[in-house]
Amino acid sequence: YLFGTPFQSLLCGFLATAFAQSSTLVTSLVVPFVANNKLSVKQIFPFIMGANIGTTITAVIASISKSDAALAIALTHVLFNLIG
């Protein structure tokens, strides 16, 4: 169910990482499924991308009430993970 469509997989990765605040934790939970051929790399890729984007949520939330420079750095972090 989590890996049905690419968008659904991306959203699940994003939400799981935003909740856990650790992309390493979320990614390490799904890597064994690829190693055991339960999921393909094609199925897991959007999930990992969502995890990379979800890890930026903490920085964005922390920067909202701070200076403009803090918000700019947090948005740069988001853009870096989107491009990467």
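Okay, so let's go over this structure. What you see is a predicted model; the values in this text were computed from it and never measured. (Residues numbered from 1 in each chain as written. Predicted model: local features only at pLDDT ≥ 70, side-chain atom pairs only at ≥ 80, totals over all residues. Heavy atoms only, no water.)

Another aspect to go through is the packing of helix α1 (residues 6-20) against helix α2 (residues 23-35). Look at α1 against α2: their axes get within 8 Å of each other, and the N-to-C directions meet at 130°. It follows from the interaxial angle that α1 and α2 lie oblique. Helix-helix and strand crossings are classified by hand; for α1 and α2 the assignment is right-handed. Contact residues: Ala16, Thr17 and Ala20 in α1; Ser23, Leu25 and Val26 in α2. Residues that form the contact of α1 with α2 fall into these classes: four nonpolar, two polar and no charged. (Axes fitted to C-alpha atoms, helices over the stretch in contact; angles between N-to-C directions. Helix = DSSP H or I, 4+ residues; strand = E, 2+ residues; numbered from the N terminus. Parallel < 35°, antiparallel > 145°, perpendicular 65-115°, else oblique. Left-handed = near helix turned anticlockwise from the far one by under 90°. Contact = heavy atoms within 4.5 Å. Nonpolar A, V, L, I, M, F, W, Y, C, P; charged D, E, K, R; others polar.)

Attention now goes to unusual backbone geometry. Phi is mostly negative for residues that are not glycine, and the peptide bonds are mostly trans. Despite not being glycine, Gln21 shows a phi value in the positive range, around 60°. Looking at the secondary structure, you find Gln21 in the loop between α1 and α2. Phi is positive for Asn37, which is not a glycine, with a value near 60°. Position of Asn37 relative to the elements: it lies in the loop between α2 and α3 (41-54). Take Asn37: its relative accessible area is 69%, and that puts it in the exposed class. (Buried < 20%, exposed > 50% of the residue type's maximum accessible area, 1.4 Å probe, protein only.)

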